[in-house]
Amino acid sequence: MNAIQVKNLHKSYGDKAAVKGIHFSVKKNAFFALLGPNGAGKSTTIEILSTLLEKNQGDIAINGYTLGQDDAAIRQTLGVVFQYSVLDPSLTVLENLKLRAAFYHLNGEALEERLAFLDQLIHFSPFQDQRFQTLSGGQKRKADIARALLHNPEILILDEPTTGLDPKSRKEIWQLILQLKSISKMTVFLTTHYMEEVLDADHVIILHEGRIRAEDSAERLRIKYANDTLKIVPKNDLESQLKQANIPYQKHNTTLHLPIETSFQGIDLVQQFKDQIETFEIVKANMDDVFLNITGERLEAE
Ligand code: ADP
């Protein structure tokens, strides 16, 4: 049984179609990433999975429960960290967590044990008596993650968990997510528009304008959709030799960029033209190139 199974999901806001018939499944214990720029339909998909927003069409099963029929059971099985916190800004972190725990009838010793366990992972105790509204962005996100994990969910869903954080906090939150993944059997489903974050995922879906444009492991997407590049600073007349040999290249100032399938092909080319090469490097394609090749657009910069 998959952790999440989505078939033919459609959602429109008025006449604006946000999600246009997507299918995907998330295996149990997987680390699954939904990657796309702003407006791709990521939050819409997450809000539907979390039972907060009604779909127009489609069949969704979460841990075998049918969305639309078994919503209470689905909420019990999910922990969700939304882009915008659902915690009360005027309460302290601990007050917020205790209030939320009450929703799950978690109290007394069981609650204390759970909080101690979560604190070992998330380290929120240094700021647990501070009002939520006075916390830094990274601390707020930690408190939100602790809140989402109170009831020991089987699936953790995070909507752009690092967006809006400074680089240090981003790194910290990212380490925390990786650690959660490694020590628990949780399925982690997250959305992001940061390319480097999907490199850690077992499975990546590229969502663009409400449609899935590609899906695979990060590494296979890279191999399939992006070439590595051999960058050469030439000497003598390398250009005319490349033209003669019908080898494609692009000129960037004083450097020639040759698309290559593999690093070995790069080495062969270097051998072949070594007398015409001042210096060279082989640059691996990254997920930005993958996104560009698939959608024709760049993911927006920070
Ligand atoms: P993402 O999370 O990938 O940025 P969203 O799911 O938030 O994308 O949005 C998908 C599309 O739906 C966008 O074009 C957005 O403008 C639109 N949209 C989202 N929420 C609403 C809403 N409440 N009303 C109208 N349009 C919306």
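Preceding block: the structure.
A quick note: this is a predicted structure, and the numbers were derived from the prediction, not measured.

Calculation criteria
- Residues numbered from 1 in each chain as written.
- Predicted model: local features only at pLDDT ≥ 70, side-chain atom pairs only at ≥ 80, totals over all residues.
- Heavy atoms only, no water.
- Near = heavy atom within 4 Å.
- Polar contact = N/O pair within 3.5 Å; in protein donor to acceptor, adjacent residues only side chain to side chain.
- Areas by Shrake-Rupley, 256 points an atom, 1.4 Å probe, with all protein chains shown as cover.
- Helix = DSSP H or I, 4+ residues; strand = E, 2+ residues; numbered from the N terminus.
- Axes fitted to C-alpha atoms, helices over the stretch in contact; angles between N-to-C directions.
- Parallel < 35°, antiparallel > 145°, perpendicular 65-115°, else oblique.
- Left-handed = near helix turned anticlockwise from the far one by under 90°.
- Contact = heavy atoms within 4.5 Å.
- Buried < 20%, exposed > 50% of the residue type's maximum accessible area, 1.4 Å probe, protein only.
- Core = buried A, V, L, I, M, F, W, Y, C linked by side-chain atoms within 4.5 Å.
- Patch = residues over 30% accessible without salt bridge, like charges linked within 9 Å, V, L, I, M, F, W, Y side chains within 5 Å.
- Salt bridge = Lys/Arg side-chain N within 4 Å of Asp/Glu carboxyl O.

What follows deals with the site of the ligand. In the neighbourhood of the ligand, the contacting residues comprise Tyr13, Lys16, Ala18, Pro37, Asn38, Gly39, Ala40, Gly41, Lys42, Ser43 and Thr44. Alanine 40 is positioned with one of its backbone polar atoms (N or O) 3.1 Å from an oxygen atom of the ligand. In isolation the ligand has 560 Å² of accessible area, and contact with the protein removes 61% of it. Only strand E2 (16-26) and helix H1 (42-49) provide two or more residues apiece to the shell around the ligand. Among the elements that take part in the shell around the ligand, H1 stands out by supplying three residues, more than any other.

Right, let's talk about the packing of helix H5 (residues 137-149) against helix H6 (residues 167-183) for a bit. One can describe the packing of H5 onto H6 by two numbers: an axis separation of 9 Å at closest approach and a directional angle of 20°. The angle between H5 and H6 places the two elements in the roughly parallel class. Pair H5 / H6 crosses with right-handed handedness. Residues Gly138, Arg141, Lys142, Ile145 and Leu149 of H5 form the contact with H6, whose participating residues are Ser169, Glu172, Ile173, Leu176 and Leu180.

Okay, the environment of alanine 143 next. By the element assignment, alanine 143 lies in helix H5. A residue is classified by how much of its surface remains accessible, and alanine 143, at 0% relative accessible area, is buried. Taking the C-alpha atoms as reference, alanine 143 lies 19 Å from histidine 105; in sequence the two are 38 residues apart. For alanine 143, the contacting residues outside a window of four places in its chain are Leu87, Val93, Leu97 and Phe132.

Grouped together as the largest cluster of nonpolar side chains are 51 residues, with contacts concentrated most on Ile122 and Ile145. Those residues within four positions of isoleucine 122 in sequence are excluded, and the remaining contacts are Lys142, Ile145, Ala146, Leu149 and Leu176. Counting 28 residues, the second largest nonpolar core, distinct from the first, contains Phe24, Ile74, Leu78 and Ile205.

Looking now at unusual backbone geometry. At asparagine 29, a position not held by glycine, the phi torsion is positive, near 70°. Its location among the elements puts asparagine 29 in the loop between E2 and strand E3 (31-35). Residue classification places asparagine 29 among the partly exposed residues on the basis of a relative accessible area of 37%. Even without being a glycine, asparagine 152 presents a positive backbone phi close to 55°. Considering the arrangement of structural elements, one finds asparagine 152 in the loop between H5 and strand E7 (155-159).

Taken together, the side chains of Leu99, Phe103 and Tyr104 make up a nonpolar region of the molecular surface, amounting to roughly 290 Å² of accessible area. Mapped onto the elements, tyrosine 104 comes out in the loop between helix H3 (93-103) and helix H4 (108-122). What makes tyrosine 104 partly exposed here is its relative accessible area of 30%.

Moving on: the pattern of salt bridges. Summed over the entire model, instances satisfying the criterion amount to eleven salt bridges. Residue glutamate 160 pairs with lysine 42 through a salt bridge whose shortest N-O separation is 3.2 Å. Taken as a pair, glutamate 160 in the loop between E7 and H6 and lysine 42 in helix H1 lie far apart in primary sequence, 118 residues in all. Looking at lysine 42, the relative accessible area reads 4%, which means it is buried. Between aspartate 228 and lysine 284 there is a salt bridge, with its nearest N and O atoms 3.3 Å apart. Of the two residues, aspartate 228 sits in strand E11 (residues 228-234) while lysine 284 sits in the loop between strand E14 (277-283) and helix H11 (287-295), which places them 56 residues apart along the sequence. Shared partners join several salt bridges into a network, and the residues in it are Glu219, Arg222, Asp228 and Lys284.

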